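Remarks on the overall topology
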Amino acid sequence: MSLNIPATTRKRVVVIGGGFGGMKLIDSLRRSGFQLVLIDQNNYHQFQPLLYQVATAGLNPGSIAFPFRKDFRHIPDFHFRMARVTRIVPRENQIETTIGSLGYDYLVIAAGTTTNYYGMQNIQAHALPMKSVTEAMALRNHILTKFEEALTADDATKRQRLLNLVVVGGGATGVEISGALAEMKRYVLQKDYPDLTSATLHIYLVEGTSKVLGNMSPEASEKAGGFLSRMGVKLLLDTRVTDYRDGAIVLANDRNSDLGKRGYSPPVRRYSRSGDRQRGQNTDRRILPGEKSIQYLRYRGHCTAKRTRLSQRPSTSSPGSFTAGKITGPQPVPARTSSTATTFPLS
């Protein structure tokens with residue numbers, strides 16, 4: 001297979017990832033005269049802030065998924081390919097994908113993030129993350145399936161296990177989906193499942209710190225916690241999940257919580273790549289300072305679509321716009337690198 005991108009005399013900008021940063025970047029470069037190539041493993045943009053609505057059956061998936069080709073068909077010399085990038089070869093200005101290789105003049109890495117399980121393999125195997133439309137639909141289907149199973153459960157103990165929903169992580173996403181589940185309990189469950197009383201549906205929000213929305217103001221955190229409590233969400237603060245065994249979540253104090261269904265909305269890490277430790281990243285896949293191989297990507301033509309400090313960026317609220325300005329404006333000075341830094345395998 002081949003990407004079949006037409007040869008051109010224009011400079012080619014390749015963008016990996018069609019999230020908010022990648023989308024805004026391409027839109028900012030629509031009149032730049034570049035050949036624009038977007039590569040993503042899906043052929044649609046996902047509006048991630050509303051994934052929790054899909055997961056709780058509040059919205060249809062099509063309401064938050066938007067085809068790339070429809071959004072950018074007005075841009076001349078724009079090309080989209082649905083593929084995964086498997087390797088970057090900076091010395092040759094080339095990427096390798098699941099459907100072929102492609103050269104570039106400028107490469108923008110905007111691949112986004114994935115769920116951070118903090119090395120807990122059982123949690124990774126059994127929890128239900130929510131970082132994509134596909135994952136949100138899987139979570140929705142799982143919840144509704146457990147409702148159906150609860151209707152035919154043989155005994156009260158088994159029924160209760162099926163009606164325990166646990167959200168791990170009290171950040172914005174955890175708070176949002178906990179509130180949406182509470183609304184489902186209050187307004188939907190009694191109508192659609194009259195044989196199940198709302199009192200039997202228990203929603204737990206587990207947070208390792210002393211409050212939800214810890215990165216927001218104390219007032220916002222207090223109001224959010226109070227609202228969730230009034231909605232019937234059981235807050236387990238200063239509580240860390242360490243494992244999942246035999247259908248039960250294990251807490252840091254070695255106490256097992258007999259909770260059946262699981263959701264997972266913890267802090268994120270950057271999109272999965274193999275060989276992180278060898279390339280100077282810790283186990284959370286954060287880039288460590290001073291690593292020579294990573295510095296190689298600071299060469300002219302390599303950018304990341306991320307926000308910089310306010311004092312350093314132009315008057316724009318979009319990280320994609322900032323990166324577009326770096327591409328069209330003065331080029332950065334190449335970083336000094338090791339001669340052995342040649343490729344970056346991705347997985």
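The phi torsion at Ala57 lies on the positive side, around 65°, for a residue other than glycine. With respect to the helices, strands and loops of the structure, Ala57 is situated in the loop between helix 2 (51-55) and strand 4 (65-67). Ala57 sits in the partly exposed class, given a relative accessible area of 44%. One non-glycine residue, Asp77, adopts positive backbone phi at about 60°. For Asp77, the position within the fold is in the loop between helix 3 (68-72) and strand 5 (78-82). Judged by relative accessible area, Asp77 falls into the partly exposed class, the value being 23%.

Turning to the pairing of strand 12 (residues 202-206), a few remarks are in order. Within a regular strand, the side chains alternate between the two sheet faces. Of all the 5 residues making up strand 12, 4 are buried; the element is thus mostly covered by neighbouring parts of the structure. Sheet analysis places strand 11 (residues 164-168) next to strand 12, joined by 5 bridges and oriented parallel. Counterpart to Val166 in the pairing with strand 12 is Tyr204. Regarding the hand of the β-α-β motif, the stretch spanning strand 11, helix 7 (residues 172-192) and strand 12 is right-handed. Read as a crossover between parallel neighbours, the route from strand 12 over helix 8 (residues 218-230) to strand 13 (residues 233-236) is right-handed.

Summed over the entire model, instances satisfying the criterion amount to 5 salt bridges. Two residues, Arg10 and Asp77, come together in a salt bridge whose shortest N-O distance is 3.7 Å. Taken as a pair, Arg10 in the segment before strand 1 (12-16) and Asp77 in the loop between helix 3 and strand 5 lie far apart in primary sequence, 67 residues in all. With a relative accessible area of 36%, Arg10 lands in the partly exposed category. The salt bridge partner of Lys146 is Glu149, with a shortest N-O separation of 3.2 Å. One end of the pair is Lys146 and the other is Glu149, both in helix 5 (residues 133-151) and 3 residues apart, which spans about a single turn. The exposure class assigned to Lys146 is buried, which follows from its relative accessible area of 19%.

About the cut-offs
- Residues numbered from 1 in each chain as written.
- Predicted model: local features only at pLDDT ≥ 70, side-chain atom pairs only at ≥ 80, totals over all residues.
- Heavy atoms only, no water.
- Helix = DSSP H or I, 4+ residues; strand = E, 2+ residues; numbered from the N terminus.
- Buried < 20%, exposed > 50% of the residue type's maximum accessible area, 1.4 Å probe, protein only.
- Pairing = 2+ DSSP bridges.
- Right-handed = clockwise from strand over helix to strand, strands pointing away.
- Salt bridge = Lys/Arg side-chain N within 4 Å of Asp/Glu carboxyl O.

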